[in-house]
Amino acid sequence: MSKQHFPQASILGYPRIGRRRELKKALEAHWAGTLTEQQLHERAFAVQQQNLERLVQLGLDPANGSLPGDHAYYDQVLDTLVALGAVPSRFAEVLSAPLSTADAFTLARGDAQRAPLEMTKWFDTNYHYLVPELGERTTLRANPAGLLENFTAHARAGHTIRPTLVGPISFLLLAKAEEGAARSGFTPLHRIDELVEVYAQLLAELAAAGVGWVQLDEPALVTEAGARHAVPGGLAERVYRQLSSGPRPALLVTTGYGTAGQLTRPGEGLGVLARAGVDAVQVDLVRGVAPQPEFLGQLQGTTVVAGIVDARNVWRNHLGASLIALRALRQAVTAAGGRLAVGTATSLLHVPHDVALEGNLPEGLADWLAFADQKVSEVLTLATGLEHGEDAIARELVATERALAARAAYPGTTVPAVRERLAGLGEQDLQRPDEQQRAAAQRAGLQLPLLPTTTIGSFPQTAEVRAARAAHAAGTLDDQGYRRFVEQEIARVIALQEELGLDVLVHGEAERNDMVQYFAENLDGFAVTEHGWVQSYGSRATRPSILFGDVTRPAAFTVPWISHAASLTGKPVKGMLTGPVTILAWSFVRDDVPLQTSARQVALALRDEIQDLQQAGIRIIQVDEPALRELLPLRAAAQPEYLRWSVDAFRLATGGAAAGTQIHTHLCYSEFGEVIGAIDALGADVTSIEAARSAMEVTADLKSFGYRRGIGPGVYDIHSPRVPSQQEIAELIGTALDSVDRQALWVNPDCGLKTRGYAETTASLANLVAAARQVRADQLAAI
């Protein structure tokens, strides 16, 4: 089969929740029972059509396969699972292939008897994917119906899309062995031969339906675990030779998120895939390395899609520099018998829709930014410049240079006082009193029971809370009225926790719309958006803040709310802060200073806030770092340096805390075993950590490592609407006690409760407290 020419310009994916979060609203209405499945399909199709029409309006060709068909109701990994008919064994009693939309939602959200699929971070991003579960006998069966229906419907509307699936190697590397299977030495990759046959069937049926191009995403080939498969004679070559040999559409294989294959041999993975017979291979030129000529020699007519536009950050592309790089790469690619096209480094899933929707950014900032729509235009501009020369894009080149110069000259970009304070720091600023001294002071001061119960921080954000915040922002509710409302909400949350019998209370965070945005609103150097929504998982979306300058803290901002909560109860109330790494991970960060410099600046601001909380009498302060694992580099060689500065940033923030102040931290939804040493190095007195969905898997890592400080593995999965029973929670606590000393164990949910409703939250927390008391009594009786 001769290789097909890929379009000169394309993108790997586009934001799918809608410019005004239309898909989110439709999903939640459907789950609430106010929208039928048919109505959901209709609204979702309308969002997809709006997105495709926008891409065509921006300049992508509607007929040549340049439009990505990466639409998903919930998650692209889940959609691939559905297309493969890979029903987890524990759902086999209620689900069978072919899986429907309702079946997919059952896997994503669970049911009364079964917890949903585990969820974790997509590589080093804040996007969450659902983890497939495979065993030795899990059914694999081609289910192309959804892909075909979507392609056909859009074709009728005049748009030829490029259906997108997670590639077979990445699908298996992202999956986990189902319970019991791993003990026999089974790993999902053992099913690769059967899985490739299913992919081949899918491709054949898509080709028969007239599909011209299919995109297979293989980002796992850039990871430490996956790189060894993208070498000559390796698994990637074997898999793609097989997929290229049968009836199929033209194939675009993408990597993204780094360099596929060995880092010492850039382009090796590209050469392997080209030699295997695929038609186009995408390379990430933002976080990856440009391919070397020795591997370009294997192209044999393959199109190289140069991912030169950053799809994970929001700064304008330096068009002039990119054009120079593209020209050099095209010369090498052409000499090797290939073609060069222009694209994005990854899907635009990770950025908001359109800068033009923003009306309240600081003066001049919008001109420095590029959201998804602007990045599509950058791809098209670079393709035009590559094809027709600089004169064809002269206006765009001049505008870019002016914007870059204005950004560099902006007064907030560099604040001398901040730089001087950083320069004066020493190792002593990272130290707290020794652990024994802290433990004794905290036992005496806090007087907590065995297996103390608490929550992670936030309580449900009701419609009334959101309405009050919106009215305050709009100016229809004055400062005094808003303060009174929030104080009343805090009082309600404190009273509920006392009624439930929790041991350590929180103020509920009614004043915070988002755990990062709230801090960005109160720290100089950040900007926040109105409509900059980015999907986190399912129907959940966040608005990442934009870090554009040096960071300072004008005044204490959490103290008034925490102090008010503490005045309402005799129990300890936690001060709630978001850690420096998480603030950066869930923001769009500067690309003009090292990330560790920004982390230290944020840490200094938090250090000052902790000092003020202590002075206000707060003796438990939680500094959340759920993104610690998220930013871990995908390759081992870069991981120690990241872990060093990220741990140091946390220790800088907390280094001024007194011995009697108990420092908590929180982590969620990542593979914690990979960073257990760093978690220990943080030096937090208590760490709460996600564990419910994974059935306490992390506790084995804690035991193996010898972790000794306070630990609260989550016993209530807050990302699902189901209410865990008292017995279920008691069993999880018992499992934790098999690995964790009872004097160190805390009982808490997996994460904050912001996204849940009060009915399910109250019922779940009541069961949590009852289970803790049950196990506490059993433990005390055994002493």
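Residues numbered from 1 in each chain as written. Predicted model: local features only at pLDDT ≥ 70, side-chain atom pairs only at ≥ 80, totals over all residues. Heavy atoms only, no water.

By the naming in an unreviewed UniProt entry, the chain is 5-methyltetrahydropteroyltriglutamate--homocysteine S-methyltransferase, taken from Glutamicibacter creatinolyticus. As stated in UniProt under Pathway (unreviewed entry), the record for the chain gives "Amino-acid biosynthesis; L-methionine biosynthesis via de novo pathway; L-methionine from L-homocysteine (MetE route): step 1/1." UniProt annotates the chain under Function (unreviewed entry) with the comment "Catalyzes the transfer of a methyl group from 5-methyltetrahydrofolate to homocysteine resulting in methionine formation." (UniProt positions renumbered as here; feature names shortened; annotations may be inferred.)

Attention now moves to the overall build of the chain. Counting its secondary structure elements, the chain contains 27 helices and 21 strands. Against the globule reference of 28 Å for 783 residues, the chain gives a C-alpha radius of gyration of 26 Å, in line with a compact fold. Projected onto its principal axes, the C-alpha positions of the chain cover 75 × 65 × 50 Å. Counted over contacts in the chain with a minimum sequence separation of 6, partners at least 24 positions apart contribute 80%. When the accessible surface of the chain is summed, it comes to about 28200 Å², and 50% of that surface belongs to carbon and sulfur atoms. On the chain, the mean spot of the 70 positive side-chain charges and the mean spot of the 88 negative ones are 1 Å from each other. (Helix = DSSP H or I, 4+ residues; strand = E, 2+ residues; numbered from the N terminus. Rg over C-alpha atoms; globule rule 2.2 N^0.38 Å. Contact = heavy atoms within 4.5 Å. Areas by Shrake-Rupley, 256 points an atom, 1.4 Å probe, with all protein chains shown as cover. Lys, Arg positive; Asp, Glu negative; His and termini not counted. Charge placed at Lys NZ, Arg CZ, Asp CG, Glu CD.)

Bringing the pattern of salt bridges into the picture now. Applying the stated criterion across every chain yields a total of 42 salt bridges. The salt bridge involving glutamate 133 is made with arginine 90; its shortest N-O contact spans 2.9 Å. Placement of the pair is glutamate 133 in strand β4 (residues 133-134) and arginine 90 in the loop between α3 (76-84) and α4 (101-109), with a sequence separation of 43 residues. Between aspartate 367 and arginine 316 there is a salt bridge; the shortest N-O distance is 3.3 Å. With aspartate 367 in the loop between β11 (339-344) and α13 (372-388) and arginine 316 in the loop between β10 (303-309) and α12 (319-335), the pair connects residues that are 51 residues apart, well separated along the chain. (Salt bridge = Lys/Arg side-chain N within 4 Å of Asp/Glu carboxyl O.)

Let's shift gears to the UniProt feature "binding site: Zn(2+)" (unreviewed entry) in the chain. As recorded in UniProt, the sites labelled "binding site: Zn(2+)" (unreviewed entry) are His666, Cys668, Glu690 and Cys751. Spanning 86 residues, the named residues form one tight spatial group whose C-alpha atoms are at most 8.4 Å apart. With respect to the helices and strands, the residue histidine 666 is situated in strand β19 (residues 662-667). For histidine 666, a relative accessible area of 2% puts it in the buried group. Residues contacting histidine 666, with those up to four places away along its chain left out, are Ile456, Gln622, Val623, Asp624, Glu625, Pro626, Ser688, Ile689, Asp750 and Cys751. Inspection of the secondary structure puts cysteine 668 in the loop between β19 and α24 (676-681). By relative accessible area, cysteine 668 is classed as buried at 7%. Cysteine 668 has contacts with Pro626, Glu690, Asp750 and Cys751, leaving out every residue within four places of it along the chain. (Buried < 20%, exposed > 50% of the residue type's maximum accessible area, 1.4 Å probe, protein only.)

What follows deals with the sheet that holds strand β9 (residues 280-284). On the basis of which strands lie adjacent, the open sheet formed by seven strands has the order β1-β5-β7-β8-β9-β10-β11 and parallel pairing. Two strands close off the open sheet at either side, each with one partner strand: β1 (67-69) and β11. Recorded for the sheet is a direction-independent mean angle of 30° between the axes of neighbouring strands. Pairing of β10 with β11 involves six bridges; the strand directions are parallel. Considered in β11, the bridge of alanine 306 is made with valine 342. In the packing of α13 onto the sheet, contacts are made with β10 and β11, and the angle to β11 comes to roughly 160°. (Pairing = 2+ DSSP bridges. Axes fitted to C-alpha atoms, helices over the stretch in contact; angles between N-to-C directions.)

So, about the sheet that holds strand β17 (residues 587-588). Strands sit in the order β12-β15-β17 across an open sheet of three strands; the sheet is mixed. Two strands in the sheet have a free side with no partner beyond their single neighbour: β12 (524-527) and β17. As paired strands, strand β15 (residues 545-552) and β17 are joined by two bridges and run parallel to one another. Across the sheet, serine 545 pairs through a bridge with serine 587, a residue of β17. Contacts from helix α22 (residues 595-615) reach β12 and β15, with the element oriented near 65° to β15.

Moving on, we get to the domain arrangement of the chain. Per the domain assignment, the segments making up the chain are domain 1 (9-357 + 366-409) and domain 2 (434-782). For domain 1 and domain 2, the distance between their C-alpha centres works out to 33 Å. Contacts between the two partners involve 54 residues from domain 1 and, on the opposite side, 41 residues from domain 2. When domain 1 packs against domain 2, the two sides together hide about 3900 Å² of surface, and 53% of this comes from carbon and sulfur. (Domains from an automatic or database assignment. Buried area = accessible area lost by both parts, 1.4 Å probe.)

With that out of the way, let us pick up the packing of aromatic side chains. Evaluation of the coordinates by the stated rule reveals 15 aromatic pairs. Ring geometry for tyrosine 410 against phenylalanine 548: centres 5.8 Å apart, planes inclined by 75°, an arrangement best described as edge-to-face. Of this pair, tyrosine 410 sits in the loop between α14 (394-409) and α15 (416-423) while phenylalanine 548 is found in strand β15, placing the two residues 138 residues apart along the sequence. Where tyrosine 518 meets phenylalanine 519, the ring centres are 5.8 Å apart and the plane angle is 90°; that geometry is what we call edge-to-face. Comparing tyrosine 518 with phenylalanine 519 shows no difference in burial state: the two are buried. Taken together, the ring pairs in this structure connect Trp31, Tyr73, Tyr74 and Phe105 into an aromatic cluster. (Phe/Tyr/Trp six-rings, centres within 6.5 Å; stacked < 30°, edge-to-face > 60°.)

The residues that UniProt annotates with the feature "active site" (unreviewed entry) are His719. Within the secondary structure layout, histidine 719 lies in the loop between β21 (710-713) and α26 (726-737).

For the rest of this paragraph, the subject is unusual backbone geometry. Phi at leucine 451 takes a positive value of approximately 55°, unusual for a residue other than glycine. On the secondary structure map, leucine 451 appears in the loop between α16 (435-446) and α17 (463-474). Despite not being glycine, glutamate 509 shows a phi value in the positive range, around 65°. Along the chain, glutamate 509 falls in the loop between α18 (479-500) and α19 (517-522).

Time to look at α17. Side chains three or four residues apart in an α-helix point the same way, a direct result of the helix having 3.6 residues per turn. In this model α17 runs 16 Å from its N-terminal to its C-terminal C-alpha over twelve residues, within 8% of the 16 Å that 1.5 Å per residue would give. Every buried residue belonging to α17 is among Val465, Ala468 and Arg469, and all of these are buried. For α17, the angular spread of the buried residues around the axis is 95°, confining them to a single face. Seen from the open side of α17, the exposed residues pointing more than 90 degrees away from its buried face are Glu464 and Ala474. Considering only its buried residues, α17 is in contact with α18. Looking one or two places after α17, you find glycine 475, whose phi comes out positive at around 85°. (Expected span 1.5 Å × (residues − 1). Arc of directions from axis to C-beta.)

What follows concerns α12. With 17 residues, α12 ought to run about 24 Å at 1.5 Å a step, and its terminal C-alpha atoms sit 24 Å apart, in line with that. Buried within α12 we find Leu319, Ser322, Leu323, Leu326, Leu329 and Val333. One side of α12 holds all its buried residues, which, seen down the axis, span an arc of 135°. Pointing more than 90 degrees away from the buried face of α12 are the exposed residues Ile324, Gln331 and Ala335. As for α12, its buried residues are in contact with α11 (293-296), β10, β11, α13 and α14. Glycine 337 sits one or two positions beyond α12 and adopts a positive phi of about 90°.

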